[in-house]
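Take a look at the letters that make up each chain.
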Amino acid sequence: MPEGFVTAQLGAGYEPGAVAQQTVAVPIHQSSAYQFRSLREARERFALREKGFIYSRNAHPTQAVLEQRVAALEGGVAAAAVGSGQAATAVATLALAGRGGHIVAAHQLYGGTVDLFHDTFADLGIDVTFVDQDDLDAWRAAVRPTTRAFFAESVANPVAQVLDMRAVADIAHEAGVPLVIDNTVATPALLRPREFGADIVVHSATKFLGGHGTSLGGVVVDLGTFDFSASPEKWPALSEPHHRFGGVPLWDAFGREAAFITLIKSKYVGDLGPALSPFNAFQIIEGVETLNLRVDRHAASGLAVAAFLESHPAVAAVHHPGLASNRWHGLAERYLPRGVPSVFAFDLAATGDDEADYARAEKVIDALRVIRLVANIGDARSLACHPATMTHNHMTRDQLTAAGISFATIRLSIGLEDPSELIADLARALDAL
Ligand SMILES: *Cc1c(COP(=O)(O)O)cnc(C)c1O
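As recorded by an unreviewed UniProt entry, the chain carries the name O-acetylhomoserine aminocarboxypropyltransferase and is attributed to Microbacterium sediminis. You can read under Sequence similarities (unreviewed entry) in the UniProt record for the chain the words "Belongs to the trans-sulfuration enzymes family." UniProt lists a comment for the chain under the heading Cofactor (unreviewed entry), and it reads "pyridoxal 5'-phosphate".

Written as C-alpha cells, this is what we have:
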C-alpha cells in the first residue's frame with residue numbers, strides 16, 4: 001500500500017469536530033436542502049463565489065466526505081459522487097465530448113458503457129470509435145480533429161484483459177486529449193491510474209468500493225494531470241465565459257484543482273439529476289474503510305480458485321492474468337504487483353455447438369451451492385454469471401467473439417468466503433458434468 005493510503009481510507013474528508021456532535025463515524029446527513037444564515041450567504045453560494053451546500057442534487061455533506069476520500073485514494077484533486085457508476089461515466093464523458101465531440105474507446109468495456117456510447121451517444125451526435133485495446137496502432141489511427149477523450153477500463157471483464165495504460169495514455173496525450181479510466185474492477189487498492197498517465201478516473205462504487213452489494217453509487221475523480229488550458233478552443237465549456245457561472249470562464253475561476261469537477265457538478269449533475277442519496281454515500285464510505293483488507297483477500301482467493309480451475313479436466317481455459325499461462329500476465333506483473341482483481345472467467349471444454357455449450361454451463365451453474373447466480377461483481381459474497389445469456393445477451397455473435405465470450409464461458413466474482421469452500425463448491429459442480 002502507498003504511504004498514507006489506509007489512513008486516507010479511514011479519515012480523509014471528515015473532521016469530527018466540524019459538527020457539534022463530534023460523531024467519529026461519518027453521519028448520514030439526510031437533508032434535501034440547507035438553511036442559509038442570510039440572503040447574502042445564499043447569493044454568494046449560488047454565484048459559486050463561496051463554497052457551501054445549497055441543495056442535495058449537487059452536493060450534500062455525506063457525499064462530500066466520500067468525494068474527498070476517493071479522491072485521496074486515487075491521488076486526485078477533486079471528485080464528484082453520483083447515483084451510479086453508469087452516471088459517473090455519462091457525466092465525465094459528456095463534460096469532455098458533449099458538444100459533438102468524438103471518443104476513442106476500448107471495445108473491451110462494461111456492457112452498460114457500450115450501450116451508452118453506441119446507442120445513446122449516437123442519438124446525441126457524439127461519435128465513438130471502438131478499438132481493440134491491445135492494438136496501439138488502432139488507438140492512434142482512430143484520432144480525429146474532434147476527438148476529446150480516450151476511454152478504457154484498467155482491468156476489463158469478464159475476460160480480465162489488463163490495459164497497457166502507460167502506452168495508451170501516451171497516445172492520448174500526443175493527440176492532446178485526456179485518458180479516462182474506469183477503475184471499478186481494480187480499485188485504487190490494486191492499481192492507481194495516476195501512476196500510469198491517466199487523467200480522469202470513473203468508478204462504479206456499487207462494486208468493490210462499497211463491497212457489500214447494498215448500494216448503487218458512482219464517482220468521477222479528476223486527477224488534476226490534464227491541462228485543459230493548453231488548447232482552450234477544444235474545451236469551450238471550461239475556457240469561455242458562461243452566464244451560468246458568473247460570466248467568468250470556469251478554468252479562470254477554479255483552475256486545475258476544481259474547474260473540471262465544478263463543470264460536472266454544476267452543469268451535468270445539476271441538469272440531468274443523477275444524485276447520490278446520503279444513505280448510499282454512507283454505505284459506500286463504510287465499505288471504503290476496509291477496502292485494502294477486503295481487496296487483498298478477494299485477490300488471494302481469486303488466484304487460488306483460478307489455479308484450481310486451471311487444473312480441472314472439464315475446464316478448457318481460465319482467464320485470470322495472475323496465471324503464468326495468461327496472455328496479459330506480463331501486463332499484470334507490471335500494473336498489478338499487489339494482486340489481480342477477483343473478477344475473471346473460465347471456459348468449459350467447448351462442444352462447438354451453442355446449445356450444447358449452454359446446457360453444460362447451466363448444469364455447472366445450477367449445481368453451485370456457495371457461489372450465487374447474480375449479475376453483479378465486487379460483492380462480499382462470491383457470484384457467478386453466464387455472460388452470453390445474461391450481461392452480454394444482446395451482443396451479436398461477432399461482438400461476443402471479440403469480447404472473448406462463448407456459451408461455454410462462466411464469469412466469477414470471488415468473494416470473502418473461505419476459498420477452500422469455494423473450490424469444493426466448484427469441484428462438485430464440475431464433477432457433475
Ligand atoms: C457495474 C459497472 C459499471 C456501472 O456501474 P453501476 O453502478 O451499475 O451503474 C461501470 N463499469 C464497470 C466496470 C462496472 O462493473
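On we go.
Enquirer: Go over a nonpolar patch on the surface, please, and point to the residues and values.
Expert: Side chains of Met1, Val6 and Leu10 sit close together on the surface and give an oily, nonpolar patch of about 240 Å² of accessible area. In this fold, Leu10 is placed in helix α1 (residues 5–11). Judged by its relative accessible area of 47%, Leu10 falls in the partly exposed class.

Enquirer: So what's going on with the site of the ligand? Which residues, and what values?
Expert: As a structural note, the neighbourhood of the ligand is formed by Ser84, Gly85, Gln86, Tyr110, Glu153, Asp182, Thr184, Ser204, Thr206, Lys207, Gly217 and Ile377. Between the ligand and Gly85, the relevant distance is 2.8 Å, taken from an oxygen atom to a main-chain nitrogen or oxygen of the residue. In this structure, an oxygen atom belonging to the ligand sits 2.7 Å away from a side-chain N or O atom of Lys207. In isolation the ligand has 380 Å² of accessible area, and contact with the protein removes 93% of it. Here the shell around the ligand is composed, by residue class, of two nonpolar, seven polar and three charged.

Enquirer: Explain the pattern of salt bridges residue by residue, including any values.
Expert: Throughout the structure, instances matching the rule amount to 17 salt bridges. With a closest N to O distance of 2.6 Å, Arg428 and Asp425 form a salt bridge. Note that Arg428 and Asp425 are positioned in helix α16 (residues 419–431) at a spacing of three residues, about one turn of the helix. The buried category is assigned to Asp425, whose relative accessible area is 2%. Salt bridges linked by common partners bring Arg37, Glu41 and Arg45 together as one network.

Enquirer: Could you give an account of helix α14 (residues 354–367), naming the residues involved and the relevant values?
Expert: Residues that lie three or four places apart on an α-helix share one face, since the helix turns once every 3.6 residues. Helix length check: α14 (14 residues) gives 20 Å between terminal C-alpha atoms against 20 Å at 1.5 Å per residue, within 8%. Looking at α14, one finds that the buried residues are Asp357, Ala361, Val364, Ile365 and Ala367. In this structure, the buried side of α14 is in contact with β9 (343–348), β10 (372–373), β11 (383–385), β12 (409–413) and α16.

Enquirer: Give me the sheet that holds strand β5 (residues 179–182): which residues, what numbers.
Expert: The mixed open sheet is built from seven strands, whose spatial order is β1-β7-β6-β5-β4-β2-β3. Looking along the sheet, the strands with just one partner apiece sit at the ends: β1 (78–82) and β3 (127–131). This sheet shows a mean twist of 20 degrees between the axes of neighbouring strands, independent of strand direction. In this sheet, strand β7 (residues 218–222) lies alongside β1 in antiparallel orientation, the contact comprising five bridges. Note on β7: the bridge partner recorded for Ala80 is Val220. Each of β1, β2 (102–106), β4 (147–153), β5, β6 (200–204) and β7 touches helix α4 (residues 85–97); the most contacted strand, β6, lies at about 155 degrees to it.

Calculation notes
- Residues numbered from 1 in each chain as written.
- Predicted model: local features only at pLDDT ≥ 70, side-chain atom pairs only at ≥ 80, totals over all residues.
- Heavy atoms only, no water.
- UniProt positions renumbered as here; feature names shortened; annotations may be inferred.
- Patch = residues over 30% accessible without salt bridge, like charges linked within 9 Å, V, L, I, M, F, W, Y side chains within 5 Å.
- Areas by Shrake-Rupley, 256 points an atom, 1.4 Å probe, with all protein chains shown as cover.
- Salt bridge = Lys/Arg side-chain N within 4 Å of Asp/Glu carboxyl O.
- Helix = DSSP H or I, 4+ residues; strand = E, 2+ residues; numbered from the N terminus.
- Buried < 20%, exposed > 50% of the residue type's maximum accessible area, 1.4 Å probe, protein only.
- Near = heavy atom within 4 Å.
- Polar contact = N/O pair within 3.5 Å; in protein donor to acceptor, adjacent residues only side chain to side chain.
- Nonpolar A, V, L, I, M, F, W, Y, C, P; charged D, E, K, R; others polar.
- Expected span 1.5 Å × (residues − 1).
- Contact = heavy atoms within 4.5 Å.
- Pairing = 2+ DSSP bridges.
- Axes fitted to C-alpha atoms, helices over the stretch in contact; angles between N-to-C directions.

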